[in-house]
Amino acid sequence: MPERADEQEGRGLLRIGLAEVYNPSMEPTLRPGDLLVVRYGGAVRPGHVVVVRHPFQHDLLIVKRAVGRRNGGWWVQGDNPSVRNDSREFGVVPDELVVARAWVRLRPLRQVQRTPGALLGWVFSALRPLFSRRLRAR
């Protein structure tokens, strides 16, 4: 599909993708198996859930909460205080390693009983926006 010139020069292209959560570092907000709809190159503010390249293993993408700006980048932490694979361990994440910002969490259906009540409950909990500016990282 050809790109429009005003999109290239003005707002830029909206690049959206999916990311899967693999570990419990963001519980209770995100659980292993959850999918995230992410925007690549989106503006990040404190409180946003972000996908970043691990500062010591650039081939490893991790999901964390942006806590705040620090000299040289972002301080990121998981919502689960017992998992420390975050800035408490590796320090500030440089801006160029911030890959995307999460918009929406999609909870997989495989974790739900197939009864009408359970399915209705899943519908209301499966799709959750991640726009909150409230900090949850500890």
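Residues numbered from 1 in each chain as written. Predicted model: local features only at pLDDT ≥ 70, side-chain atom pairs only at ≥ 80, totals over all residues. Heavy atoms only, no water.

Quick reminder of the rule: UniProt positions are given in the numbering used here, feature names are shortened, and annotations may be inferred rather than shown by experiment.
As recorded by an unreviewed UniProt entry, the chain carries the name Nickel-type superoxide dismutase maturation protease and is attributed to Streptomyces radiopugnans. Reading the Subcellular location (unreviewed entry) entry of the UniProt record for the chain gives the comment "Endomembrane system".

## Overview of the nonpolar core
Under the convention used in this document: What makes a nonpolar core is a set of buried Ala, Val, Leu, Ile, Met, Phe, Trp, Tyr and Cys residues whose side-chain atoms join them at distances within 4.5 Å. Whether a residue is buried, partly exposed or exposed follows from its accessible area with a 1.4 Å probe, protein chains only, as a fraction of its type maximum: under 20%, in between, or over 50%, in that order. Counting from the N terminus, the helices are the DSSP runs of H or I reaching at least four residues and the strands are the DSSP runs of E reaching at least two.
Of all hydrophobic cores here, the largest spans 11 residues; its members are A19, V21, M26, L30, L36, V38, V49, V51, V63, A100 and A102. Of all the elements in the fold, those that place two or more residues in this core are β2 (35-40), β3 (49-54) and β7 (98-106). The next biggest cluster of nonpolar side chains, apart from the first, holds 10 residues, and it includes V50, I62, F90 and L97.

## Side note on the packing of aromatic side chains
For clarity, the threshold we go by: Pairing of aromatic rings covers Phe, Tyr and the six-membered ring of Trp, with a centre-to-centre limit of 6.5 Å; geometry is then stacked below 30 degrees between planes, edge-to-face above 60, and tilted otherwise. Lysine NZ or arginine CZ positioned within 6 Å of the ring centre and within 35 degrees of the ring normal marks a charge as sitting over the ring.
With the rule as written, the count across this model stands at 0 aromatic pairs. We note R70 situated over the ring of W75; from NZ or CZ to the ring centre the distance is 4.6 Å.

## Describing the pattern of salt bridges
Side chains carrying opposite charge are able to pair once their charged atoms draw close together. Put simply, the test is: Here, a salt bridge means any side-chain nitrogen of Lys or Arg that lies within 4 Å of a carboxyl oxygen of Asp or Glu.
One pass over the full model with this rule turns up 3 salt bridges. Between D95 and R69 there is a salt bridge, with the nearest N and O atoms lying 2.4 Å from each other. Remark: R69 occurs in strand β4 (residues 57-70) and D95 occurs in the loop between β6 (93-94) and β7; sequence separation between them is 26 residues. A salt bridge links R88 to D86; its shortest N-O distance comes to 2.7 Å.

## Considering the pairing of β3
Quick note on the threshold: Paired strands are those between which DSSP finds at least two bridges.
Of all 6 residues making up β3, 5 are buried, and the element is well covered by its neighbours. In this antiparallel pair of consecutive strands, β3 and β4, the connection spans 2 residues.

## Structural notes on the pairing of strand β1 (residues 16-20)
Residues of β1 alternate between two faces, with G17 and A19 buried on one and I16, L18 and E20 left unburied on the opposite face. In the sheet, β1 pairs with β2 via 5 bridges, with the strands oriented antiparallel. Directly across from A19, in β2, lies its bridge partner L36.

## Some remarks on the side chain of K64
Selection rule: The charged-residue count follows a simple rule in which Lys and Arg add positive charge and Asp and Glu add negative charge, with His and chain termini not counted at all. The definition of a polar contact used here is a pair of N or O atoms within 3.5 Å, where within protein one atom must be able to donate a hydrogen and the other to accept one, and adjacent residues in sequence count solely through side-chain atom pairs. Contact criterion: two residues are considered in contact whenever any of their non-hydrogen atoms come within 4.5 Å of each other.
Following the sequence through the fold, K64 ends up in strand β4. Buried K64, no salt bridge; nearest opposite-charge side chain is D86, N-O distance 5.4 Å. Within polar-contact distance, the side chain of K64 engages the side chain of S25 at 2.9 Å. When sequence neighbours within four positions are dropped, the list of residues in contact with K64 reads S25, M26, H48, V49, V50, V76, Q77, G78, N85 and D86.

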